Amino acid sequence: MNRRLQLRFRERVRLLMAGDVLAVLLAVFVALILRAFSSQLVIDRAYFASQAPWFLFFAVVWLVLANANDLYRLSLNWSPTRILLRLMRVTIQILLFYIIVFFLAERNELPRLFMLYFAVSSILLIVMWRLIWPTLSDWASEARRILVIGEGTGVQLIREAIEQQAADAFVIVDVLNTRELEALQGRASLTKLAREKRVSDIIVTATRSLEGDGLRGVMDATAAGINILPMPVLYEGITGRFPVGVVGENWSILLPPDTDDLRPWLLVKSVLDYVLAIVGTILLLLLLPFVALAIRLDSRGCILYSQERVGLNGRLFRMIKFRTMVADAEEGTGAVFARGDDPRITRTGRFLRRSHLDELPQVLNILRGEMSLVGPRPERPEHVASLDRDIPFYRVRQTMLPGLTGWAQVHQDYAMDAAETWVKLQYDLYYVRHHSFLLDLEILLRTLGRVLDSRAYRRGTKGPSAHGAQGVANLP
């Protein structure tokens, strides 16, 4: 029987990225050839040596912008239309970046026709690669075969996560509850069953209830080379969220990690916060007259709007924004959840929210040490009080400095009720457990992609099955 590889998620994404980079490098090569022909240049080793920096430049810029535009979500790569639209958007962004560099560079230093050739050839080559990728992926690799041990909510959550976001990468071949596991009889029985079903991973959703022969069977399977994963690890990897509903007595895993290893990065992050906040303040001062005029012409009221929010360790502070709603918007309603299609939003406010310019004044909160560039978004005290009663572990997100943008914000828009706030909490808890330099960088890149994507302003995801990113960096 011909058995194909069972690639991990990270391996699939790396192959996809490698194909993209190869296509970009080939596009640069084609563009240089066409430019040489059109300009009657000699095509030799010296010519390519002089143009070598373009290969590195476009490979790096492509990977940065592709990640910012979510092109490495594997669930996206089965839709040719969505692929083409995002590839065109990335190409336009590269062109805009090149134009900025072109006007800053010395005259005749950057080739003009080269960019036209690159734009056309890169789109054609990458579209071809992305269209054959699903077939190539199916031919080279099969889905990882999963045996789930457990019952109840944990099994349901991991099944939904696989079906909705990773059906091409995982398939559940069997589910055993703890009683069925113990009934297998014999310490080697689980390993034998796993080998018969060609299982690559055993997912355990009930670690605390494993004991006796069941626990020894799982340990034997580990010794036999079968990958054993707790259900939250795989769930986090697929969805980018932490499954709060299965914590149970294991509440301690939600505590923030020891910060000793993170201390150097936290220090660097503080410095970067201040530096970027100063840059943001300069941008704020440049845009303030125009934004203020637009807000004042559209509706009466103040230009800036401050609102009490809950910050680090529950401390209250006033978060500053450009006003996007009519004056006294909550006079008759009190504190309510924000909505993307809220009728109280003004015309100028709708543009400010769509472009995320309404958040720009929060650079002042960063300078005052009340916020960070990246972190869980701060909530209003009224909402925190009610959510803390309804949602367990809600206050865990307050163990970090709130952010201008965050992991939840790049995956979900406005949380309009407690159900969507539950999803948002799962993203925030993932960030609390995994925050690092690379994760912060990914959040900033994805935020850039959302700012550049006018369609990112929408009503929000729905319920706990809302789709998220693949969380590739932490997938098994």
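Conventions and cut-offs
- Positions within a chain are numbered from 1, following the residues in the order the chain's sequence is written.
- pLDDT decides what is reported in this predicted model: residues at 70 or higher carry local features, side-chain atom pairs at 80 or more are listed and counted, and totals for whole chains, interfaces and linings draw on all residues regardless.
- Values reported for side chains reflect all heavy atoms of the structure, with hydrogen atoms and water molecules removed beforehand.
- A run of H or I in DSSP becomes a helix once it reaches four residues, and a run of E becomes a strand once it reaches two; helices and strands are each numbered from the N terminus.
- Think of it in three bands: residues with accessible area under 20% of the maximum for their type are buried, residues over 50% are exposed, and the middle band is partly exposed, with areas taken using a 1.4 Å probe on protein chains only.
- When checking whether two residues touch, look at their non-hydrogen atoms; a contact exists if any pair is within 4.5 Å.
- Here the open area of atoms and residues is found with the Shrake-Rupley method and a 1.4 Å probe, where only the protein chains shown may cover a residue.
- Think of a nonpolar core as a cluster: buried Ala, Val, Leu, Ile, Met, Phe, Trp, Tyr and Cys residues, connected wherever their side-chain atoms sit within 4.5 Å.
- Multiplying one less than the number of residues by 1.5 Å gives the expected span of a helix.
- For this document, the term salt bridge refers to a Lys or Arg side-chain nitrogen within 4 Å of an Asp or Glu carboxyl oxygen.
- Strands pair, by our definition, only if DSSP identifies at least two bridges between them.
- The axes are straight lines fitted to the C-alpha atoms, using for helices just the contacting stretch, and the angles between their N-to-C directions are given from 0 to 180°.
- Note on ring pairs: Phe, Tyr and Trp rings are taken, using the six-membered ring of Trp, and paired if centres are within 6.5 Å. Classes follow the plane angle, with under 30 degrees stacked, over 60 edge-to-face and the rest tilted.
- A ring has a charge above it when a Lys NZ or an Arg CZ is no more than 6 Å from the ring centre and no more than 35 degrees off the ring normal.
- Residue-level confidence of the predictor, termed pLDDT, takes values from 0 up to 100.
- Along the arc lie the directions from the helix axis toward the C-beta atoms.
- Any angle that is under 35 degrees is reported as roughly parallel, and any over 145 degrees as roughly antiparallel; angles of 65 to 115 degrees are reported as roughly perpendicular and all others as oblique.
- If you view the pair so one helix is near and one far, a crossing is left-handed when the near helix is turned anticlockwise from the far one by less than a right angle, and right-handed when it is turned clockwise.
- Gly is put with the polar residues, along with every residue not named as nonpolar or charged; the nonpolar set is Ala, Val, Leu, Ile, Met, Phe, Trp, Tyr, Cys and Pro, and the charged set is Asp, Glu, Lys and Arg.

Asker: Help me understand the overall build of the protein in this model?
Answerer: The helix and strand tally for the protein stands at 16 helices and 8 strands. The burial tally for the protein puts 49% of its 476 residues in the buried class. The contacts in the protein between residues at least 6 apart in sequence include a share of 77% that link residues at least 24 apart. When the accessible surface of the protein is summed, it comes to about 23,400 Å², and 62% of that surface belongs to carbon and sulfur atoms.

Asker: I keep staring at the nonpolar core and nothing clicks. Help me out?
Answerer: A general trend in soluble globular proteins is that nonpolar side chains are found buried together. In this structure, F322, W407, Y431 and I443 are the most contacted members of the largest nonpolar core, which totals 38 residues. In terms of residue count, the dominant contributor to this core is helix 15 (residues 418-434) (7 residues). With sequence-adjacent residues up to four places away left out, Y431 is seen in contact with K269, V374, G375, P376, M400, W407, L439, D440 and I443. If you look at the next biggest cluster of nonpolar residues, it comprises 31 residues, including A23, W62, I94 and Y117.

Asker: Can you walk me through helix 3 (residues 52-68) in this structure?
Answerer: In an α-helix, one turn spans 3.6 residues; hence positions three or four apart end up facing the same way. Taking 1.5 Å as the rise per residue, helix 3 with 17 residues should run 24 Å; its terminal C-alpha atoms sit 25 Å apart, in good agreement. Every buried residue of helix 3 is accounted for by W54, F58, A59, V61, W62, L65, A66, N67 and A68.

Asker: Looking at this structure, how should I read the pattern of salt bridges?
Answerer: Two side chains of opposite charge can pair, provided their charged atoms sit close to one another. A full pass over the atoms with the stated rule returns 13 salt bridges. Between K269 and D440 there is a salt bridge whose closest N-O contact spans 3.2 Å. One end of the pair, K269, is in helix 11 (residues 263-298); the other, D440, is in helix 16 (residues 437-452), with 171 residues separating them in the sequence. K269 gets classed as buried once you look at its relative accessible area, which sits at 10%. Between D298 and R347 there is a salt bridge, and its shortest N-O distance comes to 3.1 Å.

Asker: Help me out: how do you make sense of the sheet that holds strand 3 (residues 201-204) in this one?
Answerer: The strands making up a sheet associate through hydrogen bonds between their backbones, and the pairing can be parallel or antiparallel. Taken in spatial order, the 4 strands make up an open sheet running 2-1-3-4, and their pairing is parallel. Of all strands in the sheet, those with a lone pairing partner are strand 2 (170-176) and strand 4 (227-230), marking the two edges. For this sheet the average axis-to-axis angle between neighbouring strands, irrespective of direction, equals 25°. Both strand 1 (residues 144-149) and strand 3 contribute to a ladder of 4 bridges, which runs parallel. The residue bridging I146 from the neighbouring strand is D201, located in strand 3. Against the sheet, helix 6 (residues 153-165) engages strand 1 and strand 2, with an angle of about 160° to strand 2.

Asker: Looking at this structure, how should I read the side chain of T346?
Answerer: As for its placement among the helices and strands, T346 is situated in the loop between strand 6 (316-322) and helix 12 (347-355). Judged by relative accessible area, which is 10%, T346 ranks as buried. Not counting the four nearest positions on each side in its chain, T346 is found in contact with D298, S299, T324, M325 and V326.

Asker: Where do I start with the packing of aromatic side chains in this structure?
Answerer: Remark: the centre distance and the inter-plane angle together describe each pair of aromatic rings, the angle taken between the planes. Under the defined criterion, the tally for this structure stands at 9 aromatic pairs. With 5.8 Å between their ring centres and 85° between their planes, W54 and F57 make a pair best called edge-to-face. Linking W54 with F57, this pair stays in helix 3, spanning 3 residues, or about one helical turn. Members of the aromatic cluster, joined through ring pairs, are W54, F57, F58, F114 and F118. One cation-aromatic arrangement involves R241 over Y427; the distance from NZ or CZ to the ring centre is 5.5 Å.

Asker: Any chance you could explain the confidence of the model for the protein here in plain terms?
Answerer: Atom-level detail of predicted coordinates should not be read off regions where pLDDT is low. Residue-level pLDDT values for the protein average 78, and 77% of them are 70 or greater. Here helix 9 (residues 212-223) is the element of the protein with the lowest mean pLDDT, 74, and helix 13 (residues 363-367) is the one with the highest, 95. Predicted confidence for residues 457-476 stays below pLDDT 50, and this span has 77 contacts to residues more than four positions away or in other chains.

Asker: Teacher, can you tell me more about unusual backbone geometry here?
Answerer: Among all residues except glycine, the phi angle is most often negative; among peptide bonds, the trans geometry is most common. Despite not being glycine, R198 shows a phi value in the positive range, around 55°. Within the secondary structure, R198 is located in the loop between helix 8 (189-196) and strand 3. Positive phi outside glycine occurs at N313, with the angle close to 55°. Among the secondary structure elements, N313 is positioned in the loop between strand 5 (304-310) and strand 6.

Asker: In this structure, what is going on with the pairing of strand 6? I would like to understand it.
Answerer: Regular strands show a simple pattern: their side chains alternate between the two faces of the sheet. Counting buried residues in strand 6 gives 5 out of 7 residues, a clear majority hidden from the surface. In this sheet, strand 6 lies alongside strand 5 in antiparallel orientation, the contact comprising 7 bridges. From the neighbouring strand, Q307 faces strand 6, where its bridge partner is M319.

Asker: Would you mind showing me how to read helix 6 here?
Answerer: Between its terminal C-alpha atoms helix 6 stretches 18 Å, which fits the 18 Å expected from 13 residues at 1.5 Å a residue. Of all the residues in helix 6, the buried ones are G154, V155, L157, I158, A161, I162 and Q165. An end-on view of helix 6 places all buried positions within 165° of arc, on one side of the element.

Asker: I tried to follow the packing of helix 6 against helix 10 (residues 231-239) on my own but got confused; where do I start?
Answerer: Two packed helices can be described by the angle between their axes and the distance between those axes. At a closest axis distance of 10 Å, the pairing of helix 6 and helix 10 adopts a crossing angle of 25°. By the angle between their axes, helix 6 is roughly parallel relative to helix 10. The two elements helix 6 and helix 10 meet at a crossing, and its hand is left-handed. Contact residues: G154, L157, I158, A161, I162 and Q165 in helix 6; M231, L234, Y235, I238 and T239 in helix 10. Tallied by class, the residues present in the contact of helix 6 with helix 10 amount to 8 nonpolar, 3 polar and no charged.

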